[in-house]
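Overview (structure and organization)
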Amino acid sequence: MLFFLSKSLENALYVNNRDSHTDNWYITETGIVVALDCENTRLVPQTHDLALLLNFSTHFTERQKDAYLEKYIKEFNTINKEKITDPTIFKLEYYNSMLHKAFTLFCSWQQRPSRKEQTQHVLHNGRIALTRLKEEMPSYYTRHRHAYEHLDFSLGRLMMQHP
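This section reports on the structure supplied with the text. Because the structure is a prediction, the values reported are computed rather than measured.

On a plain count of helices and strands, the chain comes out with 7 helices and 4 strands. Order of helices (α) and strands (β) in the chain, N terminus to C terminus: α-β-β-β-β-α-α-α-α-α-α. Here the chain holds 163 residues, and the buried ones make up 44% of them. Long-range contacts, defined as pairs at least 24 residues apart, comprise 70% of the intrachain contacts of the chain with a sequence gap of at least 6. For the chain, the exposed area adds up to about 9,800 Å²; of that, 55% sits on carbon and sulfur atoms.

Counted according to the given criterion, the structure contains 7 aromatic pairs. Between phenylalanine 60 and tyrosine 68, the ring centres sit 5.2 Å apart and the planes meet at 75°, which makes this aromatic pair edge-to-face. When its relative accessible area of 24% is taken as the criterion, phenylalanine 60 is described as partly exposed. The interplanar angle of 50° and the centroid separation of 5.8 Å between the aromatic rings of tyrosine 94 and tyrosine 95 together place this pair among those described as tilted.

Moving on to the pattern of salt bridges. One pass over the structure, following the stated rule, counts 9 salt bridges. For aspartate 66, the salt bridge goes to lysine 91, with nearest N and O atoms at 3.4 Å. A residue pair is termed long-range when its members are at least 10 positions apart, and aspartate 66 in helix 3 (residues 62-79) and lysine 91 in helix 4 (residues 87-109) qualify at 25 residues. Linked by salt bridges that have partners in common, Glu62, Lys65, Asp66, Lys91, Arg132 and Glu136 make up one network.

Compared with the 26 Å implied by 1.5 Å per residue over 18 residues, the 26 Å span of helix 3 between its first and last C-alpha is a close match. Where the residues of helix 3 are buried, they touch helix 2 (46-55), helix 4 and helix 5 (116-136).

The buried fraction of helix 2 amounts to 9 of the 10 residues, a majority that puts the element mostly inside the structure. Buried within helix 2 we find Gln46, Thr47, His48, Asp49, Leu50, Ala51, Leu52, Leu54 and Asn55.

This part covers the packing of helix 4 against helix 7 (residues 145-161). Helix 7 packs onto helix 4 with a crossing angle of 40° between their chain directions and a minimal axis gap of 12 Å. Crossing angle aside, the handedness with which helix 4 passes helix 7 is left-handed. Facing Leu92, Asn96, Leu99, Ala102, Phe103 and Phe106 of helix 4, the residues of helix 7 in contact are Tyr148, Leu151, Ser154, Leu155 and Leu158. Partitioned by chemical class, the residues of the contact of helix 4 with helix 7 number 9 nonpolar, 2 polar and no charged.

Right, let's get into the packing of helix 3 against helix 4. Geometry of a packed helix pair, given as the angle between the helix axes and the separation of the axes. Close contact between helix 3 and helix 4 brings their axes to 12 Å; oriented N to C, the two are set at 125°. The pairing of helix 3 with helix 4 is recorded here as oblique in orientation. The handedness of the crossing between helix 3 and helix 4 is right-handed. Contacts from Lys65, Asp66, Leu69, Tyr72 and Ile73 of helix 3 reach helix 4 at Pro87, Phe90, Lys91 and Tyr94. Of the residues in the contact of helix 3 with helix 4, the class split is 6 nonpolar, no polar and 3 charged.

Here serine 97 shows up in helix 4. Overall, serine 97 belongs to the buried group, its relative accessible area being 0%. Residues contacting serine 97, with those up to four places away along its chain left out, are Leu9, Thr47, His48 and Ala51.

What follows concerns the nonpolar core. Counting 31 residues, the largest nonpolar core has Tyr94, Leu99, Leu133 and Tyr148 as its most contacted members. Broken down by secondary-structure element, the contributors of at least two residues to this core are helix 1 (2-8), helix 2, helix 3, helix 4, helix 5, helix 6 (138-143) and helix 7. Sorting elements by how many residues they give to this core places helix 4 first, with 9 residues. In contact with tyrosine 148, not counting residues within four places along its chain, are Phe4, Leu92, Asn96, Leu99, Leu130, Leu133, Tyr140 and Tyr141. Listed in part, the 5 residues of the second largest apolar core include Phe56, Leu105, Trp109 and Val122.

Cut-off values and rules
Residues numbered from 1 in each chain as written. Predicted model: local features only at pLDDT ≥ 70, side-chain atom pairs only at ≥ 80, totals over all residues. Heavy atoms only, no water. Helix = DSSP H or I, 4+ residues; strand = E, 2+ residues; numbered from the N terminus. Buried < 20%, exposed > 50% of the residue type's maximum accessible area, 1.4 Å probe, protein only. Contact = heavy atoms within 4.5 Å. Areas by Shrake-Rupley, 256 points an atom, 1.4 Å probe, with all protein chains shown as cover. Phe/Tyr/Trp six-rings, centres within 6.5 Å; stacked < 30°, edge-to-face > 60°. Salt bridge = Lys/Arg side-chain N within 4 Å of Asp/Glu carboxyl O. Expected span 1.5 Å × (residues − 1). Axes fitted to C-alpha atoms, helices over the stretch in contact; angles between N-to-C directions. Left-handed = near helix turned anticlockwise from the far one by under 90°. Nonpolar A, V, L, I, M, F, W, Y, C, P; charged D, E, K, R; others polar. Parallel < 35°, antiparallel > 145°, perpendicular 65-115°, else oblique. Core = buried A, V, L, I, M, F, W, Y, C linked by side-chain atoms within 4.5 Å.

See below:
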């Protein structure tokens, strides 16, 4: 199923991997945000880092995430030559990145007790991505229903097996 998710992201804009989850940011006493551990070792879909940043922790509500995505698109289009021309496609890529990250982070963290809560959180966010994709992009979801149902089943099993 990860092949399906990877395939769905093959037309995405690829950028340098920044490993931008919340553990890799520091805010100074004066409010300056400092990026830590910027892995510039490979290219990833642009939405992978956003999926990590917005969904790694419990800091943001779905409404806040939506607002940040809209702001990201606006800012990205303001400062870059390449543009995000279809916000719906961008959001589809974001949801698929959330799913991809749910499975890949689970694989990385399943044997790490210190990541137990975060593991459940990213699996839960994967299910949220599926629900939102189904609601917001019903025709796309229907065309790929079998794959998404399999992903949903797998997320549910992982959540039950690793509570």
